[in-house]
Structures are given as C-alpha cells and as structure tokens.
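Coordinates in review
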Amino acid sequence: KAGVTQTPRYLIKTRGQQVTLSCSPISGHRSVSWYQQTPGQGLQFLFEYFSETQRNKGNFPGRFSGRQFSNSRSEMNVSTLELGDSALYLCASSPSYQETQYFGPGTRLLVL
Amino acid sequence: GENVEQHPSTLSVQEGDSAVIKCTYSDSASNYFPWYKQELGKRPQLIIDIRSNVGEKKDQRIAVTLNKTAKHFSLHITETQPEDSAVYFCAASNTGRRALTFGSGTRLQVQP
C-alpha cells in the first residue's frame, strides 16, 4: 500500500497570510491526526479526525483548523500566519480510532 | 494532561554496543506506548510499540519494557549499527484521548 502523502512538501508564506495543507491517508485508513514539529517545542498534537468528525483537539489557537472529507483525506488550515508557525506539519493515519499511527513526510512551512 | 519526559537527550555509542533510552509518563490512564525513529529530513517511523497489558516486547535487535507501577518505559537497542543513528521519540496515549504525547527526543549517534 502507498504510504501517507502530504502536499505541498514545502511552503513559504508571509505573516498574515493563510495556508492550507493536505493529507491523504493510507488506503483504508479512516483516522487522520495532525502534529506540529519544531526544534523548540518538539512534536505537538493539533487535532484528530475520524469519519469526518474532529475527535480531539490540542492546545493550539483557533487560527488552526482542519477538516476531513468522506474519502478520509484531510486538510488543515492556518489563518493569519505568525513567524512562530514556521514548522514541519505532520499528519498521521491509522486504520481506525485508537490504533497505531503512521506518519506522512510532512509539509515544511516557513513564515517570513 | 499527559506529560512525557525522555532521557537522555543525546546518546553516543560504539557500533556493536547497546543503547537504552528511557521515558516516564504522568497520566496513569495511558495505555499505549509507541517508539518512533526519525532520520534527518524524514518522517517519524514506528519501530515498536507496547500496550499496557504487556511488560516487554521484542523485535529482533529492538525491545521495549514497560513498568506501569513506576510509569516508565524504555527502548533497548542491541548490537547497534551506524544506520541506527537517528532521533528517537517515545510517546504515550490512552483510550480516552488517543492523541500521542511525545517525549522531547533522543539523538542517538552510533560511531563506527
């Protein structure tokens, strides 16, 4: 099976802009989680979707949002970008709720 | 919420030696403990995981042990090889809140 894919892989934005990142889970996987990875804060949980419903949310401001489509693909959106949003954004998929998570390659976002 | 502490932050060993990475968690409800390996510029890859009903799990040169009473778990790599060099992350989650809480990572360097 093909692994988790994420697009785009690299992105440069300026402060105040908004960005949308996409994640396609492994075929048959219904759960998608998003994580932010930075050198200072490490890997932090953003949110999880299962069957198009957000099941969990991490401690991030409302500028971070997401959604999941009926084919399990997921998008996350960050509005009004700040310099501190520069990070590697990883999504992970799992077959069902409460199962092992497999990560995608990530989208590296740089905010200038 | 859950807090996972990981030690050491860096570890240098000679090829063929063993490496041990330790993590402690705070939430007694945590019942799933995966370990991920992340090479530079690549996605985190699951290398082994353990659930709270098991005390130890092995997969070739890799083993994980769990002590629920003390709330700590460890990764053991035997006969280390240069290709084991990477950053290793421990994580914890529970049935109620499946989001992974990650440790801060251990940079393992295996010297040939």
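Up top is the structure these notes are about.
One structure accompanies this document, and this report is about it. Small disclaimer: the values here were computed from a predicted structure and weren't measured.

**Re the packing of aromatic side chains**
Applying the stated criterion across every chain yields a total of 13 aromatic pairs over all chains. An angle of 50 degrees between the planes, with centres 5.5 Å apart, marks the rings of Tyr35 of chain A and Phe103 of chain A as tilted. Taken together, the residues span a long stretch of sequence, with Tyr35 of chain A in strand 4 (residues 31-38) and Phe103 of chain A in strand 10 (residues 102-103) at a distance of 68 residues. Accessibility assignment for this pair places Tyr35 of chain A and Phe103 of chain A in one class, buried. Note on Tyr35 of chain A and Phe102 of chain B: the rings are 5.6 Å apart at their centroids and 85 degrees apart in plane angle, and the pair reads as edge-to-face.

**Things to note about the state of the cysteines**
Under the counting rule described, the total for this entry stands at two disulfides over all chains. The disulfide partner of Cys23 of chain A is Cys91 of chain A, and the S-S distance across this bridge is 1.9 Å. Between Cys23 of chain A and Cys91 of chain A, the S-S torsion sits near 70 degrees, and that sign places the bridge as right-handed. Placement of the pair is Cys23 of chain A in strand 3 (residues 19-24) and Cys91 of chain A in strand 9 (residues 87-94), with a sequence separation of 68 residues. Each of the two residues, Cys23 of chain A as well as Cys91 of chain A, counts as buried. With a sulfur-sulfur separation of 1.9 Å, Cys23 of chain B is cross-linked through a disulfide to Cys90 of chain B. Judged by the torsion about the S-S bond (-100 degrees), the Cys23 of chain B/Cys90 of chain B disulfide is left-handed.

**A look at unusual backbone geometry**
Between Thr7 of chain A and Pro8 of chain A the backbone carries a cis peptide bond, its omega angle lying at -10 degrees. Take Pro8 of chain A: it is sitting in the loop between strand 1 (5-7) and strand 2 (10-13). Residue Pro8 of chain B is reached from His7 of chain B by a cis peptide bond, and omega for that bond is -5 degrees. Looking at the element boundaries, Pro8 of chain B is found in the loop between strand 1 (4-7) and strand 2 (10-14). Backbone geometry at Gln60 of chain B places phi at a positive 55 degrees, although glycine is not the residue there. Residue placement: Gln60 of chain B occurs in the loop between strand 6 (56-59) and strand 7 (62-67). Of note, the phi angle at Glu79 of chain B is positive, near 50 degrees, even though the residue is not glycine.

**Some points on the interface of chain A and chain B**
Every contact between the two is made by 23 residues of chain A and, on the other side, 16 residues of chain B. Carbon and sulfur atoms supply 48% of the area that chain A and chain B bury against each other, a total of about 1,700 Å² over both sides. At the junction of chain A and chain B, the tally comes to seven residue pairs in polar contact (both at pLDDT 80 or more). Sorting the residues of the side of chain A that touches chain B by element identifies strand 4, strand 5 (42-50), strand 6 (53-57), strand 9 and strand 10 of chain A as the ones contributing at least two each. If you tally residues by element for the side of chain A that touches chain B, the top one is strand 4 of chain A, at four residues. Here the side of chain A that touches chain B is composed, by residue class, of 10 nonpolar, 10 polar and three charged.

**With respect to the sheet that holds strand 3 of chain A**
Residues and elements named next belong to chain A. The four strands are arranged 1-3-8-7 in an open sheet whose pairing can be described as antiparallel. Strand pairing shows two members of the sheet lacking a second neighbour, strand 1 and strand 7 (64-68), which therefore form its edges. Ignoring which end each strand starts from, the neighbouring axes of this sheet average 20 degrees apart. Pairing of strand 7 with strand 8 (residues 74-78) involves five bridges; the strand directions are antiparallel. Bridge pairing links Phe64 to Val78 in strand 8.

**Focus on the nonpolar core**
Among the nonpolar cores identified, the biggest contains 24 residues, and Trp35, Phe73, Leu75, Tyr88 and Leu108 of chain B are the most heavily contacted of them. Mapped onto this core, the elements with two or more residues apiece are strand 2, strand 3 (19-25), strand 4 (32-38), strand 5 (45-51), strand 7, strand 8 (72-77), strand 9 (86-92) and strand 11 (106-111) of chain B. Residue contacts for Phe73 of chain B: discarding those within four places in its chain leaves Ile21, Lys22, Cys23, Tyr25, Phe33, Trp35, Thr65, Leu66, Cys90 and Ala91 of chain B. Core analysis: the second largest hydrophobic core is formed by 21 residues, Val19, Phe47, Val78 and Leu109 of chain A among them.

So, how was this worked out
Residues numbered from 1 in each chain as written. Chains lettered and ligands numbered in written order. Predicted model: local features only at pLDDT ≥ 70, side-chain atom pairs only at ≥ 80, totals over all residues. Heavy atoms only, no water. Phe/Tyr/Trp six-rings, centres within 6.5 Å; stacked < 30°, edge-to-face > 60°. Helix = DSSP H or I, 4+ residues; strand = E, 2+ residues; numbered from the N terminus. Buried < 20%, exposed > 50% of the residue type's maximum accessible area, 1.4 Å probe, protein only. Disulfide = S-S within 2.5 Å. Contact = heavy atoms within 4.5 Å. Buried area = accessible area lost by both parts, 1.4 Å probe. Polar contact = N/O pair within 3.5 Å; in protein donor to acceptor, adjacent residues only side chain to side chain. Nonpolar A, V, L, I, M, F, W, Y, C, P; charged D, E, K, R; others polar. Pairing = 2+ DSSP bridges. Axes fitted to C-alpha atoms, helices over the stretch in contact; angles between N-to-C directions. Core = buried A, V, L, I, M, F, W, Y, C linked by side-chain atoms within 4.5 Å.

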